[in-house]
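Remarks on the overall topology
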Amino acid sequence: MTRQSFRIDWPPRNLFLLIASTFGAFLASEGFLLRVFGDLPLTLTPWEVLFWTALLVWSIRVEVRLPLSASMSQLFLFALALVVLTPPWFPPLLVFLAQWRGKAWYKELFNRSQDGLATALAALAWQFFQQNPVYLGSWNLSAGVGIAAASLAFFLANTTLVTTAISLANKISWREAWRKNFSWLALSYLLLSPIALLLARAYETPLLAGWGGWTVLFFLIPLYYSRFYWDEKVRLEQAFDTTLELLMNALEAKDPMTRLHSERVADIARDLARKVKNGDEAYAQAIYRATRLHDIGKIAIPEAVLLKPGPLTQEEFALIQSHTTLGSELLSPARKVAFDQLVYNVILHHHERWDGRGYPKRLAGHEIPEEARIVGLADAYEAMTAGRPYRRAKTPEEALREIQELSGHQFDPRLVEAFTELWAQNPIWRDRHAYLAAKEGSVSRSTFSQPSLASASPSPSEPGSRTSEE
């Protein structure tokens, strides 16, 4: 005799607590609405309930996928329209029941609960302004203010709960999860919210065949196409990330010595940016993204110069130095579309020095953008611990001492102090071999400690320079 065994998958403990709390909050809010407004009758017929249920289901079916395992839909518009049309206890209940995404049970319970809770809070906000009218002279603004308050309540509850779930599930900061998924969405979301009031009023005032549902269905056409703005925004972000990876792969294919160089520099720079900005994750991530491209101008450097195993002539050195301006020019078509000014500051100025002896502009001190100072220090540390055919790699301790000795000369003293504190915490990037092993699996130490004329690029620093300024 055979037996089918069933296993219930459980989420991590902290995520389960969030789901249980959200479900409990939904039940409590629905119970409150039933107790306070339960005597208000539902005027919709069963067929009308089925119609609005179909709209809720449709809105979820055309949802847009977001990064970090999230998605978004226009469910909020129909939920808010129901808040206007029906007693406060009804919309949260229908939103909770009328959706099915086919996900794991705990994800399904969370999605239903957070949508239901957000709708309940929106219903309370709407009712508050209906019971406490707002006037501007003789104009009654209660409906407009009420729908704005309801949409804001829905948005804050929905995005807060979803962002918290993403943060716990993916082990990333809450701020970064919100920035990547929802920060760009807030304005368009709030601008769309008055459509919910329009849908409700259109349903109450039939214009075609004596039924308001025809007018609502007519509005589905522009609503369906409005979602393409969100969809294209997400696709564009993904395209930018893919383009970044392709550019870095192209550079690494041309110059094998840059293998994981940009990624390690980016990790160092991100940690340093996060520390000097008191944990500002959005800034740290912007620095990381920019740093991945900091040497992109080397694509335009001839391989005969870029891969030259010995010292450079003055002309060759000047050509290597030009990678900062070449990189900025290379990405100039994407300015304000794909990359903001921070990216260009990093690419153009990461070889400037605190004492004004760097390139290409010979900026000094605080004239150098902070992001460029951060990346410049991270770049120098990575280069010193990487080694070159004509000099051995420095140990992490030797590289740290050299960074400290050059404080106030090549590097911003405040950044050196912060870097020293980070270094003492033994981050994975401190030792290059440990970093490469973690990134690529088992990595032979000899692969990177022995010089190879065929795979190493020269230091673009001046003869006799104490650090490698890649």
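In short, a report on the structure. (Residues numbered from 1 in each chain as written. Predicted model: local features only at pLDDT ≥ 70, side-chain atom pairs only at ≥ 80, totals over all residues. Heavy atoms only, no water.)

Before going further, it helps to examine the nonpolar core. With 46 residues, the main nonpolar core has Trp52, Leu56 and Phe154 as its most contacted residues. By residue number, the principal contributor to this core is helix 3 (residues 75-85), which donates 11 residues. Setting aside anything within four residues of it in sequence, one finds Trp52 in contact with Leu44, Phe78, Ala81, Leu82, Leu85, Tyr203 and Val216. In terms of nonpolar packing, the next biggest core, distinct from the first, is built from 43 residues, Met248, Val375, Leu406 and Leu422 among them. (Core = buried A, V, L, I, M, F, W, Y, C linked by side-chain atoms within 4.5 Å. Buried < 20%, exposed > 50% of the residue type's maximum accessible area, 1.4 Å probe, protein only. Helix = DSSP H or I, 4+ residues; strand = E, 2+ residues; numbered from the N terminus. Contact = heavy atoms within 4.5 Å.)

A few words on a nonpolar patch on the surface. A cluster of nonpolar residues, Trp10, Phe16, Leu17 and Trp105, forms a patch on the protein surface that exposes about 410 Å² of accessible area. A relative accessible area of 32% means that Phe16 is categorised as partly exposed. (Patch = residues over 30% accessible without salt bridge, like charges linked within 9 Å, V, L, I, M, F, W, Y side chains within 5 Å. Areas by Shrake-Rupley, 256 points an atom, 1.4 Å probe, with all protein chains shown as cover. Salt bridge = Lys/Arg side-chain N within 4 Å of Asp/Glu carboxyl O.)

Contact pair helix 11 (residues 261-276) / helix 17 (residues 370-386): the axes reach a minimum separation of 8 Å and the direction vectors enclose 135 degrees. It follows from the interaxial angle that helix 11 and helix 17 lie oblique. Crossing of helix 11 against helix 17: the hand is right-handed. Mapping the contact onto sequence places His261, Arg264, Val265, Ile268, Ala269, Leu272, Ala273 and Val276 in helix 11 and Glu370, Ile374, Val375, Leu377, Ala378, Asp379, Tyr381, Glu382 and Thr385 in helix 17. Its residues placed into classes, the contact of helix 11 with helix 17 shows 11 nonpolar, two polar and four charged. (Axes fitted to C-alpha atoms, helices over the stretch in contact; angles between N-to-C directions. Parallel < 35°, antiparallel > 145°, perpendicular 65-115°, else oblique. Left-handed = near helix turned anticlockwise from the far one by under 90°. Nonpolar A, V, L, I, M, F, W, Y, C, P; charged D, E, K, R; others polar.)

Okay, the pattern of salt bridges next. Tallied over the full model, the rule gives 15 salt bridges. Note that Arg112 and Glu108 form a salt bridge whose closest N and O atoms lie 3.5 Å from each other. Here Glu108 and Arg112 lie together in helix 5 (residues 105-131), a separation of four residues that amounts to about one turn. Judged by its relative accessible area of 14%, Arg112 is buried. In this structure, Glu398 engages Arg392 in a salt bridge whose closest nitrogen and oxygen atoms are separated by 2.8 Å. Accessibility expressed as a relative area gives 23% for Glu398, which makes it partly exposed.

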